[in-house]
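Each chain, written out:
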Number of protein chains: 2
Amino acid sequence: MSAETTGETARKRSRSGSTSTPSGSRSAQKQRTREELLNAALNLMDTGRGFSSLSLREVTREAGVVPAAFYRHFSDLDELGLALVEACGLTLRRLLREARRQGLPPTQMLRSSVLIYKNYVKAHHRYFRFAASARGGGSPSIRKAIRNEESHFAHEMAQDMRNLDLMPRLPMAALEMICSLVVTTMMNAATDILDLPEGQRQAEKEMTENFVMQLRLIFLGARAWRPPA
Amino acid sequence: MSAETTGETARKRSRSGSTSTPSGSRSAQKQRTREELLNAALNLMDTGRGFSSLSLREVTREAGVVPAAFYRHFSDLDELGLALVEACGLTLRRLLREARRQGLPPTQMLRSSVLIYKNYVKAHHRYFRFAASARGGGSPSIRKAIRNEESHFAHEMAQDMRNLDLMPRLPMAALEMICSLVVTTMMNAATDILDLPEGQRQAEKEMTENFVMQLRLIFLGARAWRPPA
DNA sequence: CGATTGAGTGAACAAGTGTTCACTATAGTG
DNA sequence: CACTATAGTGAACACTTGTTCACTCAATCG
């Protein structure tokens with residue numbers, strides 16, 4: 001169970017109410033509602049709806065706030081979307097950081113990386129769902145932001161591989177290209193993971209196995225790679 | 001310039017009007033408006049909007065038809081979406097069929113395949129735009145339909161490679177897995193192609209080159225592939 | 001030929017939308 | 001302490017939305 005899923009829907013921010021004290025410095029409270037708006041959007045998407053089908057009023061309703069309050073935080077749903085992209089970027093970077101800290105498992109490293117990733121996606125499903133839905137569907141600016149975040153992620157991944165002296169023979173450009181392929185494959189796998197039917201352990205196994213094989217294929221290719229003339 | 005882009009927006013289907021005769025058997029006319037609805041949806045997405053942000057009324061307006069008429073053809077925007085998915089499937093299969101008829105270019109076959117694909121995507125940009133936007137963003141049923149179409153495409157591609165005796169050493173299962181990776185890479189490249197900034201020939205060159213390298217990497221991996229124990 | 005069918009119409013509906021505005025009441029300020 | 005700045009309110013606005021319904025009128029059929 002992820003730490004950021006509250007489960008219960010935010011409601012009743014009674015101004016003078018005895019319950020749920022506003023409690024906290026002015027700007028802290030402001031940031032809190034801001035996050036509640038972001039959370040509201042993620043919650044609404046959690047039933048499978050795409051980001052671009054959300055309405056401003058829905059979001060504020062889910063966040064337990066009056067529509068006009070929205071404008072104190074974002075001028076637009078688009079702007080909220082961009083904030084979500086940033087949050088997704090943070091989530092991705094955390095994944096990389098954890099992988100770095102943990103080091104490579106000695107054997108079966110591909111398979112175990114995949115399992116770790118699978119769990120990570122499930123734990124942060126709301127972010128990945130958003131990313132998947134806005135990657136192709138959102139407004140141009142959001143799409144661009146996501147693309148940016150992905151290439152940034154790929155770049156960091158390439159750096160890590162360079163630092164770890166994996167594939168030392170390959171020039172940096174090749175590493176980048178390989179990692180960008182890995183990243184798009186990961187993103188694609190993420191949507192597969194999210195859409196897994198609930199009880200089907202067999203389907204999950206197959207999907208995982210396929211993902212492992214695709215990565216293995218890529219790294220086999222990397223081993224055989226010869227920089228183009 | 002693609003054959004199906006009319007350019008001018010459909011308007012004024014005056015019943016008794018002298019212009020634009022309804023001309024034709026009853027059911028032919030019905031099918032014509034049906035296609036006009038599909039076209040209208042594609043047109044609206046052509047400015048970068050996602051499918052899930054379209055409204056029924058917008059679509060009928062663009063098609064030059066009263067909202068109520070929509071229901072004579074689809075019960076839902078979702079159903080229209082599914083029809084679009086089918087159209088996309090046809091478009092993809094046509095690509096494969098053309099490739100089959102043309103045979104493999106003797107040398108540089110990867111690069112020239114990529115160039116052909118790039119032009120194909122541009123020629124049918126409306127379909128690819130829709131596919132990209134609904135792949136992750138649409139309703140669950142549409143997503144599933146697209147996924148289906150993709151795996152069908154991958155399957156046909158694998159069959160073709162088997163028939164052509166490319167990679168004869170590989171078992172069919174491995175071929176399928178490889179092709180599915182190729183297909184997702186192609187789809188991803190399609191969104192890159194669609195979002196290319198207009199004048200930037202340099203960016204286009206880079207993007208193309210990257211695409212070629214990724215495919216080369218995959219096929220290098222395929223050559224080295226050893227079926228898992 | 002006259003009768004039937006059904007694709008497309010136009011008006012109406014209840015509900016939902018984004019945005020604005022004057023407002024309240026409270027945390028932070030001097 | 002009184003004063004100001006501002007996060008959030010609630011009502012109002014002008015639209016747009018999906019769906020329904022009785023309707024028209026031309027292609028089709030007996």
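Okay, so let's go over this structure. Note that this is a predicted model, so its numbers are computed, not measured.

This paragraph deals with the packing of aromatic side chains. Considering all chains together, one arrives at 12 aromatic pairs over all chains under this definition. The interplanar angle of 45 degrees and the centroid separation of 5.7 Å between the aromatic rings of B:Phe70 and B:Phe74 together place this pair among those described as tilted. For the pair formed by B:Phe70 and B:Phe74, the shared burial category is buried. One aromatic cluster is present, built from ring pairs that chain together A:Tyr117, A:Tyr120, A:Phe128 and A:Phe211.

Next up on the list: the relation of the copies chain A and chain B. Mapping chain A onto chain B calls for a screw motion: a turn of 180 degrees about the axis and a shift of 0.0 Å along it, with 0.0 Å RMSD after fitting. In short, the pair behaves as if placed about a two-fold rotation axis. Within chain A, A:Gly221 has its C-alpha nearest the rotation axis, a separation of 1.8 Å.

Right, let's get into the environment of A:Glu206. All names here are of chain A. Here Glu206 is to be found in helix α8 (residues 201-224). The exposed category is assigned to Glu206, whose relative accessible area is 51%. Taking the C-alpha atoms as reference points, Glu206 and Trp225, 19 residues apart in sequence, are found 28 Å from one another.

Residues and elements named next belong to chain B. When you line up the elements, His73 lands in the loop between α2 (56-63) and α3 (77-102). Given a relative accessible area of 16%, His73 falls into the buried group. Sequence spacing of His73 and Lys118 is 45 residues, and the spatial spacing of their C-alpha atoms is 33 Å. Ignoring sequence-local partners within four residues, the contact set of His73 consists of Lys30, Thr33, Arg34, Leu37 and Glu79.

Our focus in this paragraph is the protein's contact with DNA strand D. Taken together, the neighbourhood of DNA strand D is formed by 24 residues, with A:Thr33, A:Arg72, B:Arg26, B:Arg57 and B:Arg61 sitting nearest. Sugar and phosphate atoms represent 51% of those atoms of DNA strand D found within 4 Å of the protein. Here a base oxygen of DNA strand D and a side-chain polar atom of A:Arg72 are 2.6 Å apart. At 2.4 Å from a base nitrogen of DNA strand D is found a side-chain nitrogen or oxygen belonging to B:Arg57. Those elements that place two or more of their residues in the surface near DNA strand D are α1 (26-45) of chain A together with α2 of chain B. The residue makeup of the surface near DNA strand D, split by class, is eight nonpolar, five polar and 11 charged.

The rules behind the values
Residues numbered from 1 in each chain as written. Chains lettered and ligands numbered in written order. Predicted model: local features only at pLDDT ≥ 70, side-chain atom pairs only at ≥ 80, totals over all residues. Heavy atoms only, no water. Phe/Tyr/Trp six-rings, centres within 6.5 Å; stacked < 30°, edge-to-face > 60°. Buried < 20%, exposed > 50% of the residue type's maximum accessible area, 1.4 Å probe, protein only. Least-squares fit on C-alpha atoms with pLDDT ≥ 70 in both. Helix = DSSP H or I, 4+ residues; strand = E, 2+ residues; numbered from the N terminus. Contact = heavy atoms within 4.5 Å. Near = heavy atom within 4 Å. Polar contact = N/O pair within 3.5 Å; in protein donor to acceptor, adjacent residues only side chain to side chain. Nonpolar A, V, L, I, M, F, W, Y, C, P; charged D, E, K, R; others polar.

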